[in-house]
Amino acid sequence: MASNNPKAQRLAALGALHPHPERVQAATFQPDTFFDPRDLIQVKYEMLREVHIDGLPKARAAARFGLSRPTFYQAEAAFESAGLAGLLPQPRGPKGAHKLTDEVMDFIATYLAEQGPVGARRLAELVETELGIAVHPRSIERALARKKTPVVPVIELPPDTIETYEGLRSQALRGGGCRIGLAAIVHHGLIGGVTQVLAGTAQPVSASPHRIVSSTATPAALSADPDLVRLLANMVLRVHTEVRHVY
């Protein structure tokens, strides 16, 4: 729980605490390991990675990581536009359209992703038919317009964040490598851990109960080398964004 676990508290403060970590089915994910189901940023990244690198169908990937299909599409779009920073929580828009709850917007996002562009009037009809909620088409238009407006990430990350994480990820699956770097991820999560590694502030942890997962390493992971890690980092969702280091 976030109330008595230091790492969960850090994740919650960042807005990166998975609300349902028990739903994550990926075998490597266990609390207080390199792959932690409570770390929502890491869970989303690994979900996207399994689709875009390993070829897992999107619906299966979403279910495997305890998330909905609309959440997958939202994470995919956010990552493509802003990299890992896009997976961090963003400020909510105006609260006036109280009928356009997360459930309604998730329904609309899924429908648009699967069926393509549809007019606001048709979307309003679908929302009323499928969810029993009457929403004015203009309210839907305004909500969709707000979603298209770029939002500046709350936290900006170094441009080599993904490459650094991929390197540590490969080391964790091999069961070796930089123990300080791996411990930083275990204790602080993906964002906090990589930030410390890149800033050179990661510290060794003594007498730690935390473990690094290595029993489920795949042949591809075991054969990973630095060149492959850099290739994967550049390939993941074809991110072409430059971000500044603000720490």
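Definitions and cut-offs
Residues numbered from 1 in each chain as written. Predicted model: local features only at pLDDT ≥ 70, side-chain atom pairs only at ≥ 80, totals over all residues. Heavy atoms only, no water. Helix = DSSP H or I, 4+ residues; strand = E, 2+ residues; numbered from the N terminus. Expected span 1.5 Å × (residues − 1). Buried < 20%, exposed > 50% of the residue type's maximum accessible area, 1.4 Å probe, protein only. Contact = heavy atoms within 4.5 Å. Core = buried A, V, L, I, M, F, W, Y, C linked by side-chain atoms within 4.5 Å. pLDDT = per-residue confidence, 0-100. Axes fitted to C-alpha atoms, helices over the stretch in contact; angles between N-to-C directions. Parallel < 35°, antiparallel > 145°, perpendicular 65-115°, else oblique. Nonpolar A, V, L, I, M, F, W, Y, C, P; charged D, E, K, R; others polar.

Asks: What's the story with helix H5 (residues 102-115) in this structure? I'm lost.
Replies: It helps to recall that an α-helix has 3.6 residues per turn; residues three or four apart then point in one direction. For H5, which comprises 14 residues, the first-to-last C-alpha distance of 20 Å matches the rise-based estimate of 20 Å (1.5 Å per residue) to within 8%. Within the span of H5, buried status applies to Val104, Met105, Ile108, Ala109, Thr110 and Tyr111. With its phi angle positive at about 90°, Gly116 sits one or two positions after the end of H5.

Asks: Where do I start with unusual backbone geometry in this structure?
Replies: Leaving glycine out, the prevailing phi sign among residues is negative, and the prevailing peptide bond configuration is trans. Here the phi dihedral of Asp32 falls at roughly 60°; this positive angle occurs in a residue that is not glycine. Secondary-structure assignment places Asp32 in the loop between helix H1 (6-14) and helix H2 (40-52).

Asks: Would you mind going over helix H4 (residues 69-82) with me for this structure?
Replies: For H4, which comprises 14 residues, the first-to-last C-alpha distance of 20 Å matches the rise-based estimate of 20 Å (1.5 Å per residue) to within 8%. Those residues of H4 not exposed but buried are Pro70, Thr71, Phe72, Tyr73, Ala75, Glu76, Ala78, Phe79 and Ala82. In this structure, the buried residues of H4 make contact with H2, helix H3 (58-64), H5 and helix H8 (161-174).

Asks: Would you take a moment to explain the nonpolar core for this structure?
Replies: Across soluble globular proteins, nonpolar side chains have a tendency to be buried as a group. Core analysis: the biggest nonpolar cluster contains 39 residues, and Phe34, Tyr45, Met47, Leu84 and Leu87 have the highest contact counts within it. Looking at this core, the elements that each hand over two or more residues are H2, H3, H4, H8 and helix H9 (179-199). Among the elements that take part in this core, H2 stands out by supplying seven residues, more than any other. If you look at the next biggest cluster of nonpolar residues, it comprises 13 residues, including Leu100, Ile108, Leu126 and Val127.

Asks: Which parts of the structure should I look at to understand the side chain of Glu76?
Replies: Residue position: Glu76 is located in helix H4. The exposure class of Glu76 is buried, given its relative accessible area of 9%. Each residue touching Glu76, except ones within four places of it in the same chain, is listed here: Leu48, His52 and Lys58.

Asks: Which parts of the structure should I look at to understand the confidence of the model for the chain?
Replies: Interpretation of this model should avoid reading the predicted coordinates in detail wherever pLDDT is low. With 72% of its residues at a pLDDT of 70 or more, the chain shows a mean pLDDT of 75. Put simply, helix H10 (residues 219-222) is where the chain has its lowest mean pLDDT, 34, and H2 is where it has its highest, 94. Every residue in residues 150-154 is under pLDDT 50, and counting partners more than four places away or in other chains gives nine contacts. Scored below 50 in pLDDT, residues 235-247 makes 26 contacts in the model with residues more than four places away or belonging to other chains.

Asks: For this particular structure, what's the right way to read the packing of H4 against H5?
Replies: Between two packed helices, the angle of one axis relative to the other and the distance separating the axes together describe the packing. At a minimum axis separation of 9 Å, H4 and H5 run at an interaxial angle of 70°. It follows that H4 is roughly perpendicular to H5 by the angle criterion. Side by side, H4 and H5 meet where Arg69, Pro70, Tyr73 and Gln74 of the first sit next to Asp106, Thr110, Ala113 and Glu114 of the second. Looking at the contact of H4 with H5 residue by residue, the classes come out as three nonpolar, two polar and three charged.

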